[in-house]
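These are the residues of each chain, in order.
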Amino acid sequence: MASTEELQVKPEPWLQLIGYDHLLQAWSDLSAAGNMPAVLLLTGRPGIGKKGLLGALAALHLCATKSACGHCAGCQWLLAGVHPEVLWLDGSAGALRIDAAEQLQEHLELNPGSGSSHRLVVMVDADQLNKSAANRLLKILEEPPPRARILLSTSRVGAMLPTVLSRCVRWQVTPPPLVLSRAWLAQRMAEAKAPACSDDELDACLRQAGLSPGLALAMLRSGQVGGREELHGLLSATTAVQVLEWSQQLVRASGLTTAEMLQEWDIAINHSYRQRLGLIQPAVGTRPAASLNPVQLAQRRSLLSQARKLVCGAQVPLNAQLLTEALAFSERA
Ligand SMILES: [Zn+2]
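This write-up is about the structure you can find in this document.

Conventions used here
- Residue positions are counted from 1 within each chain, in the order its sequence is given.
- The predicted origin of the model limits local features to residues at a pLDDT of at least 70 and limits the giving and counting of side-chain atom pairs to 80 or more, whereas totals for whole chains, interfaces and linings rest on all residues.
- With hydrogens and water stripped out, all remaining heavy atoms of the structure feed into the side-chain values.
- Each helix is a run of H or I in the DSSP string that is no shorter than four residues. Each strand is a run of E no shorter than two, and both are numbered from the N terminus.
- Relative accessibility under 20% of the residue-type maximum defines a buried residue, over 50% an exposed one, and the middle range a partly exposed one, all with a 1.4 Å probe and only protein chains included.
- Contact criterion: two residues are considered in contact whenever any of their non-hydrogen atoms come within 4.5 Å of each other.
- Only N, O and S atoms count as donors, using a 2.8 Å limit from the metal and a wider 3.2 Å limit for Na, K and Ca, and since water is excluded some coordination spheres may look unfilled.
- Geometry is assigned from donor-metal-donor angles: four donors are tetrahedral when every angle falls between 85 and 135 degrees, four are square planar and six octahedral when opposite donors sit over 155 degrees apart with all other angles between 65 and 115, and any other arrangement is irregular.
- In what follows, salt bridge is the name for a side-chain nitrogen of Lys or Arg lying within 4 Å of a carboxyl oxygen of Asp or Glu.
- Inter-axis angles, ranging from 0 to 180 degrees, are taken between N-to-C directions of lines fitted to C-alpha atoms, where helices are fitted over the stretch in contact.
- Geometric relationships in this document are graded by angle, where less than 35 degrees denotes roughly parallel, more than 145 denotes roughly antiparallel, 65 to 115 denotes roughly perpendicular, and other angles denote oblique.
- Each helix crossing is assigned a hand: it is left-handed if the near helix lies turned anticlockwise from the far helix by less than a right angle, otherwise right-handed if that turn is clockwise.
- For this scheme, ten residues count as nonpolar: Ala, Val, Leu, Ile, Met, Phe, Trp, Tyr, Cys and Pro. Four count as charged, namely Asp, Glu, Lys and Arg, and the remainder, Gly too, count as polar.
- Working definition: the arc comes from the directions between the helix axis and the C-beta atoms, pointing outward to the latter.
- Pairing between two strands requires that DSSP report at least two bridges joining them.

**Details of the overall build of the protein**
The helix and strand tally for the protein stands at 15 helices and 5 strands. Counting every position in the protein, which comprises 333 residues, the buried fraction comes to 47%. Long-range contacts, defined here as pairs at least 24 residues apart, represent 73% of the contacts in the protein between residues at least 6 apart.

What follows is the structure in structure tokens.
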């Protein structure tokens, strides 16, 4: 297990973010009016830029012009990962344990140095806090020191303890508009000297990635466009044995949590339905997913919605494989 020291990261440059100008302006206004919440949690699907947004939020407190300009000394120190008022913790590499919680507490116990207005802790993927670390933080989340700001993000809000969630102001981040994401993707592919994709191909990939540009780029880079093989198998399985086999493989191969699996299902179902309606074509080099009729679509959506309520609301530790099987069987009932 990596130590907390090794998990410290630098922020991603926020000036390259797309589609969030309105959000940054709203935050800037709140910050200027002194109304920024002390404990803020950004939620939203993976790959949409939450990590960069955390950097921008932190910069609003440290920037000489209070605009997250990216160029002043405060912004530059932040971007270099050396700003003395900021502690960065990143759960994307593994669990955040008790030592991370202790570091956070120690960092916020100190007052800001002269010339600084705040002490900041930024925590990426805060759902990676283990139970004892999360419990250790309850008091400081409930009542942070006056000049402390705690900025968190998660793509798996259902995996966080309700006692932590109830102490955060939540801000739901939605994906950037399709047209901006498409241009961003095309630019990243050109920089990597990858073969150019048509606008339709990029759109198909983005839709399959739930409009998340980061996920779409990862899919294009890994050649995964067209969806997981296991999801194709599940959508086109015709026997109970096939359903069981594919769902076992999905859980084993992907290592998905239940919440992530539900999202993949959602995307796959919508994709196959749009394919049936002829609204989208399968991306080049991939085979078409099985297409669902309207009755099958309604059945699957209803089950997905029930499952989501259980996972996100009541924290029921659903078994991902059992759920996959139930969803896959539903249309054959
Ligand atoms: Zn600045």
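**Describing the coordination of the zinc ion**
In this structure, Cys 63 (SG), Cys 69 (SG), Cys 72 (SG) and Cys 75 (SG) serve as the protein donors to the zinc ion, at separations of 2.3 to 2.4 Å. One can describe the donor arrangement at the zinc ion as tetrahedral, given that its 4 donor atoms subtend angles of 102 to 117° at the metal. Each donor residue of the zinc ion lies on the same chain, and together they follow the pattern C-x5-C-x2-C-x2-C.

**Looking at the pattern of salt bridges**
For the structure on display, the rule yields 9 salt bridges. Across the salt bridge formed by Glu 142 and Arg 167, the nearest N and O atoms sit 3.1 Å from each other. With Glu 142 in helix α6 (residues 131-142) and Arg 167 in the loop between α7 (162-165) and β5 (169-172), this pair connects stretches of sequence that are 25 residues apart. The shortest N-O distance in the salt bridge between Asp 199 and Arg 182 comes to 4.0 Å.

**Let's talk about the packing of helix α8 (residues 178-191) against helix α9 (residues 199-208)**
Axis separation between α8 and α9 bottoms out at 10 Å; the angle between their running directions is 110°. One way to sum up the angle between α8 and α9 is to call them roughly perpendicular. Read as a crossing pair, α8 and α9 show a hand that is right-handed. Contacts from Leu 178, Ser 181, Arg 182, Leu 185 and Ala 186 in α8 reach Asp 199, Leu 202, Asp 203, Leu 206 and Arg 207 in α9. Looking at the contact of α8 with α9, its residues break down into 5 nonpolar, 1 polar and 4 charged.

**As for helix α4 (residues 73-80)**
An α-helical segment advances 3.6 residues per turn. Residues three or four places apart therefore align on the same side. When we look at burial in α4, the residues that qualify are Gly 74, Cys 75 and Leu 78. For α4, the arc enclosing every buried residue in end-on projection is 95°, short of the 170-degree limit, so these residues lie on one face. The inward-facing, buried residues of α4 abut α3 (50-62) and β2 (86-90). At the exit of α4 stands Gly 81, carrying a positive phi of roughly 75°.

**So, the side chain of Ser 181**
Within the element layout of this structure, Ser 181 appears in helix α8. Not counting the four nearest positions on each side in its chain, Ser 181 is found in contact with Ile 18, Pro 176, Leu 206, Leu 211 and Pro 213.

**Quick look at the sheet that holds β2**
Reading across the sheet, the 5 strands line up as β2-β3-β4-β1-β5 and stay open at both edges, with parallel pairing between neighbours. Unpaired on one side and paired on the other, β2 and β5 mark the two borders of the sheet. Neighbouring strand axes in the sheet, compared pairwise and without regard to direction, differ in orientation by 15° on average. By the bridge criterion, 5 bridges tie strand β1 (residues 39-43) to strand β4 (residues 148-154) in an arrangement that is parallel. Directly across from Leu 40, in β4, lies its bridge partner Leu 151.

Just distances and angles here, no functional claims.
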